[in-house]
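An overview of the molecular structure
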Amino acid sequence: MADKKIRDFYTTRRKILKGMLGAAGAGALGCMLVPFGTIKAPSGKKGRQKIAKGDRLVYAVGPNAGKEIKVSDLAINKGTLAFPKGKEEHNNLILLFRAKESEFQKPTKINYTVDGFCAYSAICTHMGCTVEWYPEKQFSFDFPHLFCPCHQSVFDVFHGAKVLAGPAPRPLPQLPLMISGGVIAAAGDFDGPIGPQPGGK
Ligand code: FES
């Protein structure tokens, strides 16, 4: 079933690219893809402040940017970009979402989730673009997933953010969560290295 979804995904993608080439020619294709690259991570910054147990999560974008994320803020199937409070730097960007607890399966670290909340690094392991939350059907994926718009990598949020499609070489690291005074907080740091690594691994 999953194999069929992945085949369908690539078929859809091929059709889109073919249509773009037919309409504008190969030379224009590069220009048309430029907007996808505009959210690429700033390069050259290696270090980051480690996330510690008890660091409260705040909204990274939107009108509530900087405000703490309360448990009551996010219903099932909602997601947002977040930062650990006081450590708002690109390599600490988090994709936080909420789902039914029964949906999470290994290799998701179930003990890293809390009350249906789950969080992964929002930095794609391919080339460092920001991944996006898709709670609805997109292409042939009819279940919630994370999508990287730069080169169309797809990550399975219910199975440890494993890679379902695209060039990303490995899953997104997961962040352990806890609840502190009604606010979502980290229970420690990510369980793996952030973003692309030397050698493309
Ligand atoms: S940077 Fe995400 S797929 Fe390339």
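Position labels on residues start from 1 in each chain and follow its written sequence. In view of the model being predicted, local features appear only for residues whose pLDDT reaches at least 70, and side-chain atom pairs are presented and counted only at 80 or more, with totals across whole chains, interfaces and linings using the full set of residues.

Description of the overall build of the chain
What the chain contains, in helices and strands, is two helices and eleven strands. Its helices and strands in sequence order give the chain the pattern α-α-β-β-β-β-β-β-β-β-β-β-β, from N to C terminus. Put simply, the chain has 201 residues, and 33% of those count as buried. The contact criterion used here is simple: two residues whose C-beta atoms, placed from the backbone, lie within 7 Å are in contact. Sequence-distant contacts in the chain: of pairs separated by 6 or more residues, those separated by 24 or more amount to 56%. Helix and strand labels come from DSSP, where a helix needs a run of H or I of at least four residues and a strand needs a run of E of at least two; each type is numbered from the N terminus. Note on burial: count the other C-beta atoms lying within 10 Å of the residue's C-beta; 20 or more is buried, 12 or fewer is exposed, in between is partly exposed, and C-beta positions come from the backbone.

Focus: the pairing of strand S2 (residues 79-84)
Where burial is concerned, most of S2 is hidden: five out of the six residues are buried. Strands were regarded as paired on the criterion that DSSP finds at least two bridges between them. Bridging between strand S1 (residues 57-59) and S2 involves three bridges; their strand directions are antiparallel. Considered in S2, the bridge of Val58 is made with Phe83. Across four bridges, S2 lies against strand S3 (residues 94-98) in antiparallel orientation. By the bridge assignment for S3, Leu81 is matched with Leu95.

A short note on the pairing of strand S8 (residues 162-165)
As paired elements, strand S7 (residues 153-156) and S8 share three bridges and run antiparallel to each other. Bridge pairing links Asp156 to Lys162 in S8. Between S7 and the antiparallel strand that follows it, S8, lie five residues; Gly160 among them carries a positive phi value of about 65°.

Observations regarding the environment of Tyr120
Mapped onto the elements, Tyr120 comes out in strand S4 (residues 117-121). Separated by 55 residues in sequence, Tyr120 and Leu175 have C-alpha atoms that sit 5.5 Å apart. Beyond its immediate chain neighbours, meaning those up to four positions away, Tyr120 contacts Leu95, Leu146, Ala161, Leu172, Pro173, Gln174 and Leu175.

Digging into the sheet that holds S7
In space, the four strands of this open sheet follow the order S5-S6-S7-S8, with antiparallel pairing throughout. The outermost strands of the open sheet, each flanked by one partner alone, are strand S5 (132-134) and S8. Strand after strand, the sheet turns through a mean of 35° between neighbouring axes, direction not considered. Strand direction decides the pairing type here: S5 and strand S6 (residues 145-148), joined by three bridges, are antiparallel. By the bridge assignment for S6, Glu132 is matched with Phe147. Lines fitted to C-alpha atoms define the axes, with helix axes restricted to the stretch in contact, and inter-axis angles between N-to-C directions lie between 0 and 180 degrees.

Focus: the sheet that holds S2
Pairing within the open sheet is antiparallel, and its five strands lie in the order S1-S2-S3-S4-S9. Two strands in the sheet have a free side with no partner beyond their single neighbour: S1 and strand S9 (174-175).

What about the confidence of the model for the chain?
A score between 0 and 100, pLDDT records how confident the predictor is in each residue. Here the chain averages 81 in pLDDT, while 77% of its residues score no lower than 70. Predicted confidence for residues 9-44 stays below pLDDT 50, and this span has 29 contacts to residues more than four positions away or in other chains.

Digging into the nonpolar core
Among buried residues, those of type Ala, Val, Leu, Ile, Met, Phe, Trp, Tyr and Cys that are joined through C-beta atoms within 7 Å form a set called a nonpolar core. Leu57, Ile94, Leu95, Leu96, Ala119 and Leu175 are the most contacted members of the largest nonpolar core, which totals 43 residues. For Leu57, the residues in contact, after removing those within four places along its chain, are Ile69, Ala82, Pro84, Ile94, Leu96, Ile184, Ala185 and Ala186.

Let's talk about unusual backbone geometry
Between Lys106 and the following residue, Pro107, the backbone shows a cis peptide bond with an omega angle of 10°. For Pro107, the location among the structural elements is in the loop between S3 and S4. The phi dihedral of Gln152 is positive, around 60°, even though this residue is not glycine. With respect to the secondary-structure elements, Gln152 resides in the loop between S6 and S7.

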